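Breakdown of the fold
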Amino acid sequence: MTATPVTPAGITRPTDVAALDADRLPGLAAQVRSLLIDRVAATGGHLGAGLGVVELTIALHRVFRSPQDVLVFDTGHQTYPHKALTGRALEFTTLRQAGGLSGYPNRGESPHDWVENSHASVSLAWADGIAKVLALRAETDRRVIAVLGDGALTGGVAWEGLNNLASAPDRPVIVVLNDNGRSYDPTVGGVAAHLRRLRRREAGAGNLFTALGLDYLGPVDGHDIDALCTAFRRAAGARRPVIVHAITRKGHGYPPAEADESDHMHACGIIDPLTGRPAKPPKPTWTDVFEEEIAAIAQVRADVVALTAGMRLPTGLGTLSRSRPGAVFDSGIAEQHLLASAAGLATGGTHPVVALYSTFLHRAFDQLLLDIALHRLPVTLVLDRAGITGPDGPSHHGMWDLTLLAAVPGMRVACPRDPERLCELLHEAVDVAGPTALRFPKEPATEDIPALTRMSGMDVLHRTDRRPLDVLLVAIGATAPACLRAATLLAEQGVGVTVVDPRWAWPPPDPLLRSIARHRVTVTAEDGVAAGGIGSRLAQAAAHHRVHVVGLPTSFLAHGTREQVLTRAGLTGTAIAATARAELSRLTAGAPSGSGR
Ligand SMILES: Cc1ncc(C[n+]2csc(CCOP(=O)(O)OP(=O)(O)O)c2C)c(N)n1
Ligand SMILES: CC(=O)[C@@H](O)[C@H](O)COP(=O)(O)O
Ligand SMILES: [Mg+2]
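In this text, all values refer to a predicted model and were calculated from it rather than measured experimentally.

A count of helices and strands for the protein chain gives 22 helices and 20 strands. In terms of overall dimensions, the protein chain is globule-like: its C-alpha atoms have a radius of gyration of 26 Å, near the 25 Å expected for 597 residues. The principal-axis extents of the C-alpha atoms in the protein chain amount to approximately 85 × 55 × 50 Å. By the burial criterion, 58% of the 597 residues in the protein chain qualify as buried. For the protein chain, contacts bridging at least 24 residues in sequence account for 74% of all contacts bridging at least 6. Each charge class in the protein chain was averaged separately, 58 positive and 59 negative side chains, and the resulting centres sit 3 Å apart.

Strand order in the open sheet formed by six strands is β14-β15-β17-β16-β19-β20, with mixed pairing between adjacent strands. Each of the sheet's edge strands pairs with one partner strand only, and the pair in question is β14 (453–455) and β20 (547–552). Sheet twist, expressed as the mean angle between neighbouring strand axes with direction ignored, is 25°. Sheet analysis places β14 next to strand β15 (residues 458–463), joined by three bridges and oriented antiparallel. Across the sheet, the residue bridging to Arg-454 is Asp-459, located in β15. Each of β14, β15, β16 (471–475), β17 (497–501), β19 (521–529) and β20 is contacted by helix α19 (residues 510–518), which is oriented at about 150° to β16, the strand it contacts most.

Next up on the list: the UniProt feature "binding site: thiamine diphosphate" (unreviewed entry) in the protein chain. Annotation from UniProt places "binding site: thiamine diphosphate" (unreviewed entry) at His-77, Ser-118, His-119, Ala-120, Gly-151, Ala-152, Asn-180, Tyr-254 and Glu-335. On the basis of their most widely separated C-alpha atoms, the annotated residues across 259 residues do not gather in one place, lying as much as 31.5 Å apart. Checked against the lining of the largest cavity, the annotated residues just named reduce to Gly-151. By relative accessible area, which is 4% here, Gly-151 ends up buried. Note that Asn-180 resides in the loop between β4 (173–179) and α8 (190–199). With sequence-adjacent residues up to four places away left out, Asn-180 is seen in contact with Asp-150, Thr-248, Arg-249 and Lys-250.

Around the magnesium ion (ligand 3), the donor atoms from the protein are Asp-150 (OD), Asn-180 (OD1) and Arg-182 (O), and they sit 2.0 to 2.2 Å away. All donors to the magnesium ion (ligand 3) come from one chain, and their sequence spacing reads D-x29-N-x1-R. One end of the pair, Asp-150, is in the loop between β3 (144–149) and α7 (156–166); the other, Arg-182, is in the loop between β4 and α8, and 32 residues separate them in sequence. For Asp-150, a relative accessible area of 2% corresponds to the buried category. Exposure remark for Arg-182: the relative accessible area of 9% places this residue in the buried category.

Within the structure, ligand 2 sits among His-46, Thr-75, His-77, Tyr-104, Tyr-184, His-266, Tyr-357, Phe-360, Arg-385, Asp-392, His-396 and Lys-442. Tyr-357 is positioned with one of its side-chain polar atoms (N or O) 2.5 Å from an oxygen atom of ligand 2. In the shell around ligand 2, the residues fall into four nonpolar, five polar and three charged. In terms of domain composition, the shell around ligand 2 takes at least three residues from each of domain 1 (8–268) and domain 2 (286–439).

Another point: the UniProt feature "binding site: Mg(2+)" (unreviewed entry) in the protein chain. The sites that carry the UniProt feature "binding site: Mg(2+)" (unreviewed entry) are, in the present numbering, Asp-150 and Asn-180. These annotated residues cover 31 residues of sequence, and their C-alpha atoms lie no more than 6.9 Å from one another, placing them together at a single site. If we ignore the near neighbours within four places in the chain, the residues touching Asp-150 are Leu-177, Asn-178, Asp-179, Asn-180, Gly-181, Arg-182, Thr-187 and Leu-195. Overall, the relative accessible area of 16% leaves Asn-180 in the buried class.

The strand order β9-β8-β10-β11-β13-β12-β18 describes an open sheet built from seven strands, whose pairing is mixed. The open sheet is flanked by β9 (328–330) and β18 (504–506), the only strands paired with a single partner. In this sheet, adjacent strand axes meet at a mean angle of 25° when their direction is disregarded.

This part takes up α7. Because an α-helix packs 3.6 residues into every turn, residues spaced three or four apart end up facing the same way. All of the buried residues in α7 are Val-157, Ala-158, Gly-161, Leu-162, Leu-165 and Ala-166. On its buried face, α7 is in contact with α6 (123–136), β3, β4 and α9 (208–212).

Rules and cut-offs
Residues numbered from 1 in each chain as written. Chains lettered and ligands numbered in written order. Predicted model: local features only at pLDDT ≥ 70, side-chain atom pairs only at ≥ 80, totals over all residues. Heavy atoms only, no water. Helix = DSSP H or I, 4+ residues; strand = E, 2+ residues; numbered from the N terminus. Rg over C-alpha atoms; globule rule 2.2 N^0.38 Å. Buried < 20%, exposed > 50% of the residue type's maximum accessible area, 1.4 Å probe, protein only. Contact = heavy atoms within 4.5 Å. Lys, Arg positive; Asp, Glu negative; His and termini not counted. Charge placed at Lys NZ, Arg CZ, Asp CG, Glu CD. Pairing = 2+ DSSP bridges. Axes fitted to C-alpha atoms, helices over the stretch in contact; angles between N-to-C directions. UniProt positions renumbered as here; feature names shortened; annotations may be inferred. 1 Å grid on protein atoms, 1.4 Å probe; cavity = no way out; pocket = protein on both sides within 12 Å on 5 of 7 lines; lining within 4 Å. Donors = N, O, S within 2.8 Å, 3.2 Å for Na, K, Ca; no water. Near = heavy atom within 4 Å. Polar contact = N/O pair within 3.5 Å; in protein donor to acceptor, adjacent residues only side chain to side chain. Nonpolar A, V, L, I, M, F, W, Y, C, P; charged D, E, K, R; others polar. Domains from an automatic or database assignment.

What follows is the structure, given as structure tokens:
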């Protein structure tokens, strides 16, 4: 009689995986795969990467004893199988929803999760640090395993990791290289070429890893559980730093993902699980607007080139890469290299446009400050996913960029309020002979918000007729709709409101400081941390006037929909209006002014 199939729901802990008869493992893999497809189809999330590591994750949990053995996943987008095999299978109905399962490892969910940061290439550093502390505590019976992708291996900090792991033969970290040949695009650069030669066992390929001093096991079929278990046991027995080179296929086992040449369904929205097609036709996004405009600009500006860190399509460089292939440069997942290479390109007379997600700028701040700004080079950063991204959670919100950018000498920061202004400001930015940045949110392209008038670059969006200049609302970028909503609420309460959009939010246009001086109260709104952001710098610049900053708290904001997170953070029209009212009341009562947030 055939045994009943093992379902992930029946796996409450990794030892359940280890205890299974080997002939039941293919069934378990099939069950995990269908769980991922069914659940991600219903909620949206990452798919291709997780499908590619189902067998690899089963093998990890058969050979190693998590959490006694430490499993560190790089980037973390591929950990849905790991979550399914560590007792969370039933929670996938809440995936990436407020209060529900995170799309990345999360220490609050499970002792089997270690690194919540979804930024690539740091798993080896984490593993190195954990191995060191285990050695200090003489806990030599615990193994440390880092699982990183071939894309993550194109990041410089991964090579810093290999360098350090190789320096400590007595601290045996096991590196599992999940090589599916893809980042989003096929992985680029010399590392990718070397991995291809190793995959093909080409004679004379050499081996970068053994040359550094690690043992190398592979290439191993990353979908053969038995072969993987054998390799992992050998790696564990080596008692020295070792890399297991597993060859996997991104999207494996789900034909729509396997057939998706763009990125093997790396991430998807709500889809029909049978076809893999979106349940609803996708709406045009800000990224789409940028994609079209940068291609149009580059058609007439031969000096304009575009740069990406392994994210050509997600950052909207697809059209340009097809219309002018030589104008788009992909560094791999290497933002620090990307920005310093932009400095080199700019020195040579081009105007580089560096397309990044806002959150990934953090690791290249030094290159922005001392390679680009110090030399006052004409580089434009286009920061997508700025502000609250939502379901991707705290390590993906693009909420620190304004604070970082405003601290850079000579930096000019454009914050378009709508797609029309995105196009306008992009054209202006590529004409600036110095460092500029332009940022926009992850959401469908909003309706254009026309201005009543423009004063030296600053747009006036609303004025309450026949009312005094009680409140000035300064809308930074995508907060304009919320500020206009606040103006309506305040006007209903008899408050005179002016709403302005500086467009170039930093440094502030002169008319903005004059407007602040003319109004009783100023409230600024930005989808960036309030501390050190545009508003607090305006407050500083207009210190003798009442400026109240509505912005995001300096804290890590959990995942949820963008609207839920913005509402929780008080970045809504109602909350902005309440801030203005409270300040006016304090003024009227002669009470001391409240501090900015
Ligand atoms: C520093 C950084 N830059 C960009 C990204 C966006 N990103 C997420 S996954 C990914 C591709 C990762 O490729 P790989 O490591 O090979 O994993 P795979 O998806 O193939 O399993 C990228 C570029 C990121 N998470 N971190
Ligand atoms: C893990 C990672 O960094 C990317 O996959 C990111 O989650 C994609 O974000 P979008 O879905 O907003 O393109
Ligand atoms: Mg990969």
